[in-house]
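# Close look at the chain arrangement
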Amino acid sequence: ILNVEQSPQSLHVQEGDSTNFTCSFPSSNFYALHWYRWETAKSPEALFVMTLNGDEKKKGRISATLNTKEGYSYLYIKGSQPEDSATYLCAFIRLDSWGKLQFGAGTQVVVTP
Amino acid sequence: GAGVSQSPSNKVTEKGKDVELRCDPISGHTALYWYRQRLGQGLEFLIYFQGNSAPDKSGLPSDRFSAERTGESVSTLTIQRTQQEDSAVYLCASSYGLGSDEQYFGPGTRLTVT
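Residues numbered from 1 in each chain as written. Chains lettered and ligands numbered in written order. Predicted model: local features only at pLDDT ≥ 70, side-chain atom pairs only at ≥ 80, totals over all residues. Heavy atoms only, no water.

### A closer look at the state of the cysteines
The full count for this structure, using the stated rule, is 2 disulfides over all chains. Residue pairing for Cys23 of chain A: its cysteine sulfur links by disulfide to Cys90 of chain A, the two sulfurs lying 2.0 Å apart. Disulfide Cys23 of chain A-Cys90 of chain A: torsion about the S-S bond near 80 degrees, hence right-handed. Residue Cys23 of chain A is located in strand β3 (residues 19–24), and its partner Cys90 of chain A is located in strand β9 (residues 86–94); the two are separated by 67 residues in the primary sequence. According to the relative accessible area criterion, Cys23 of chain A is buried, its value standing at 0%. Judged by its relative accessible area of 0%, Cys90 of chain A falls in the buried class. Between Cys23 of chain B and Cys92 of chain B runs a disulfide, and the two sulfur atoms are separated by 1.8 Å. What sets the handedness of the Cys23 of chain B and Cys92 of chain B disulfide is the S-S torsion sign, and at about -65 degrees it is left-handed. (Disulfide = S-S within 2.5 Å. Helix = DSSP H or I, 4+ residues; strand = E, 2+ residues; numbered from the N terminus. Buried < 20%, exposed > 50% of the residue type's maximum accessible area, 1.4 Å probe, protein only.)

What follows is the structure, encoded as structure tokens:
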């Protein structure tokens, strides 16, 4: 993996269902992985910053895991609500470029009542 | 407290004109970043500033783009001789430090080059 890839590109989820999606990134020269939520007409909002292999972070119904050796991170939404509808972006930081976030294209999540 | 602010929120300009976009970061944040999102594409890194260090300009797409930052405060992104492909939403973000610090984004400036 040379770039940051996110899959799927979009998800439609029924309210109350749980879902998850993937961010793949280069497994070498890893420094940090960021997750952001970007709602329509708003600014991207930070969810998690993860730096250690095996890290698991949680904020409310949203959680994330990190595997730096194989180069992937999962984001989980438990019991999806309409307010979870947004584009979820992951961004990779290389060890030799601390300030440069390489963003994936995002996973667009639509939660329907 | 105040978040990151950007001005103008919208800018329509004619091809060939110069434009200046402004970003006011959160007070105390030493790092400041510029990104853009063109239609149908992902967020693209342009440049970052960290304290008094030389900025990382590696994402600027051409020499028509330049950016300055005054100390640890306001930054301006200047695009000279604008082209239609410069049309995008330009986002500014700031953080306490680099790398493992989350970034706080401004509302963006939507630039349309006609």
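Don't stop here, the text continues.
### Observations regarding the sheet that holds β3 of chain A
All names here are of chain A. Ordered in space as β1-β3-β8-β7-β6, the 5 strands form an open sheet in which the pairing is antiparallel. Looking at the sheet topology across the chains shown, the edges are occupied by β1 (5–7) and β6 (56–59). Geometrically, the sheet is characterised by an average inter-axis angle of 15 degrees between neighbouring strands, direction not taken into account. Sheet topology places β3 next to strand β8 (residues 72–77); 6 bridges connect them, and they run antiparallel. Bridged to Asn20 within β8 is Tyr76. (Pairing = 2+ DSSP bridges. Axes fitted to C-alpha atoms, helices over the stretch in contact; angles between N-to-C directions.)

### Here we look at the pattern of salt bridges
Counting across every chain of the model gives 7 salt bridges over all chains. The salt bridge partner of Arg37 of chain A is Glu45 of chain A, with a shortest N-O separation of 3.6 Å. Judged by relative accessible area, which is 36%, Glu45 of chain A ranks as partly exposed. Two residues, Arg22 of chain B and Asp24 of chain B, come together in a salt bridge whose shortest N-O distance is 2.9 Å. Residue classification places Arg22 of chain B among the partly exposed residues on the basis of a relative accessible area of 35%. (Salt bridge = Lys/Arg side-chain N within 4 Å of Asp/Glu carboxyl O.)

Fair warning: the whole summary comes from geometry, so function is off the table for now.
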